[in-house]
Amino acid sequence: QAEDGIRDFCLSRGLGDVYKRQVQRGLQEAREVCAGLGYSAYNRLGAYIDDNNVHLTWEGDNNVLLQQACKYINDTYMKLLKGTKPRGGSLSFLQPGDKITVQDISVEDVGKLESIRAIMQFRVNVLAHSSTMKLQQNMSKYGNNFDAWNASLQYYFKPLGLAYGDCYCAGEFERVINSTQDPVSYTHLRAHETGRNLVCRLLLEKKK
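Everything numeric in this text was worked out from a predicted model, so none of it was measured.

1. As for the overall build of the protein chain
Okay, so step 1: When its secondary structure is counted, the protein chain shows 6 helices and 0 strands.
Okay, so step 2: Along its sequence from the N terminus, the protein chain presents helices and strands in the succession α-α-α-α-α-α.
Okay, so step 3: Counting contacts in the protein chain only where the partners sit at least 6 residues apart, residues at least 24 apart contribute 66% of the total.
Okay, so step 4: Carbon and sulfur atoms form 56% of the exposed surface of the protein chain, whose accessible area is close to 12800 Å².

2. Some thoughts on helix α5 (residues 145–178)
Okay, so step 1: Taking 1.5 Å per residue, 34 residues should reach 50 Å; α5 reaches only 43 Å between its end C-alpha atoms and comes up short.
Okay, so step 2: The axis of α5 is deflected most strongly, by about 75 degrees, at Leu153.
Okay, so step 3: For α5, the N-terminal capping position is held by Asn144, with its side-chain oxygen 3.3 Å away from the main-chain nitrogen of Phe146.

3. Examining the packing of aromatic side chains
Okay, so step 1: Tallied over the entire structure, the rule returns 2 aromatic pairs.
Okay, so step 2: Aromatic pair Tyr164 and Tyr168: ring centres 6.2 Å apart, planes at 35 degrees, arrangement tilted. Of this pair, Tyr164 and Tyr168 are both found in helix α5, 4 residues apart, which corresponds to roughly one turn of the helix.
Okay, so step 3: The ring centre of Tyr48 lies 5.8 Å from the NZ or CZ of Arg44, which sits over that ring.

4. Section: the packing of helix α4 (residues 113–142) against α5
Okay, so step 1: Put simply, α4 and α5 touch, their axes get as near as 9 Å, and they point 165 degrees apart. With respect to each other, α4 and α5 are oriented roughly antiparallel. Of the two possible hands of crossing, α4 and α5 adopt the one that is left-handed.

5. Quick word on the pattern of salt bridges
Two side chains with opposite charge may pair up if their charged atoms get near one another.
Okay, so step 1: Taken as a whole and assessed by the stated rule, the structure comprises 5 salt bridges.
Okay, so step 2: Arg21 is paired through a salt bridge with Asp17; the nearest N and O atoms lie 2.8 Å apart. Note that Arg21 and Asp17 are positioned in helix α1 (residues 2–33) at a spacing of 4 residues, about one turn of the helix.
Okay, so step 3: The shortest N-O distance in the salt bridge between Lys112 and Asp109 comes to 3.3 Å.

6. Notes on a nonpolar patch on the surface
Okay, so step 1: The grouping of Val102, Phe122 and Val126 at the surface amounts to a nonpolar patch, some 200 Å² of accessible area in total.
Okay, so step 2: With respect to the helices and strands, the residue Phe122 is situated in helix α4.
Okay, so step 3: With a relative accessible area of 32%, Phe122 lands in the partly exposed category.

7. Points about unusual backbone geometry
Okay, so step 1: Unlike most non-glycine residues, Ala35 shows phi in positive territory, near 55 degrees.
Okay, so step 2: We note that Arg44 has phi near 65 degrees; this positive angle belongs to a residue other than glycine.

8. Considering the environment of Gln22
Okay, so step 1: Position of Gln22 relative to the elements: it lies in helix α1.
Okay, so step 2: On the basis of relative accessible area, Gln22 is assigned to the partly exposed category, the value being 26%.
Okay, so step 3: Along the primary structure Gln22 and Asp166 are separated by 144 residues, whereas in three dimensions their C-alpha atoms are 9.2 Å apart.

9. A word on the confidence of the model for the protein chain
Okay, so step 1: On average, residues of the protein chain score 82 in pLDDT, and 83% of them reach the 70 mark or higher.
Okay, so step 2: Within the protein chain, the element-level pLDDT minimum falls on helix α6 (residues 195–207), averaging 61, and the maximum on α4, averaging 92.

10. Let's talk about the environment of Phe157
Okay, so step 1: For Phe157, the position within the fold is in helix α5.
Okay, so step 2: Each C-alpha atom of the pair Phe157 and Thr132 lies 8.5 Å from the other, and the pair is 25 residues apart in sequence.
Okay, so step 3: Other than its neighbours up to four places away in sequence, Phe157 contacts Cys70, Asn74, Ser131, Thr132, Leu135, Trp149 and Ser152.

Rules used throughout
- Residues numbered from 1 in each chain as written.
- Predicted model: local features only at pLDDT ≥ 70, side-chain atom pairs only at ≥ 80, totals over all residues.
- Heavy atoms only, no water.
- Helix = DSSP H or I, 4+ residues; strand = E, 2+ residues; numbered from the N terminus.
- Contact = heavy atoms within 4.5 Å.
- Areas by Shrake-Rupley, 256 points an atom, 1.4 Å probe, with all protein chains shown as cover.
- Expected span 1.5 Å × (residues − 1).
- Bend = angle between axes of the 7 residues up to and from the residue.
- Polar contact = N/O pair within 3.5 Å; in protein donor to acceptor, adjacent residues only side chain to side chain.
- Phe/Tyr/Trp six-rings, centres within 6.5 Å; stacked < 30°, edge-to-face > 60°.
- Lys NZ or Arg CZ within 6 Å of the ring centre and 35° of its normal.
- Axes fitted to C-alpha atoms, helices over the stretch in contact; angles between N-to-C directions.
- Parallel < 35°, antiparallel > 145°, perpendicular 65-115°, else oblique.
- Left-handed = near helix turned anticlockwise from the far one by under 90°.
- Salt bridge = Lys/Arg side-chain N within 4 Å of Asp/Glu carboxyl O.
- Patch = residues over 30% accessible without salt bridge, like charges linked within 9 Å, V, L, I, M, F, W, Y side chains within 5 Å.
- Buried < 20%, exposed > 50% of the residue type's maximum accessible area, 1.4 Å probe, protein only.
- pLDDT = per-residue confidence, 0-100.

Structure (structure tokens):
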């Protein structure tokens, strides 16, 4: 139970940074969709964007919190390489670098939630492997954990933490959608849709 608590604590710390970034991207996309009216003060989008900016800044704590999640993912991956599999939780899909696989997904199924989740899990696996390999290379180069970690953080572990957050959110969204009694149509992404467009459409269809 203590191990589960540490896992949930470390990973949830990184999710805060992910959520704040998603809010900022969502607000910006909402403003762009409104075209010229997006600059009007009446829609309050500008004020919301300004208010949310502080949550992305503070004293750099978002990056620190994301590092905690990355550190736990790295520790879990290192244990996996030594033969200890993740015990449940949101990292149970991790695979060693030489065994990373992704299920065959047809063109017709690529927009389904389970397919999107599988692709996101594949991405986390690839980033976990490349980040760990880079950290080991930097350990040999710098000879100490501090410099090796800092040299690996920006272009390796930070994308890993953000990819994990996106993957977790996709899994939770899939769980909520599948728990509804009424079936929801999501046969494929429409030509103009981004991931956030898909989420909004599914939520609207759920309310019909």
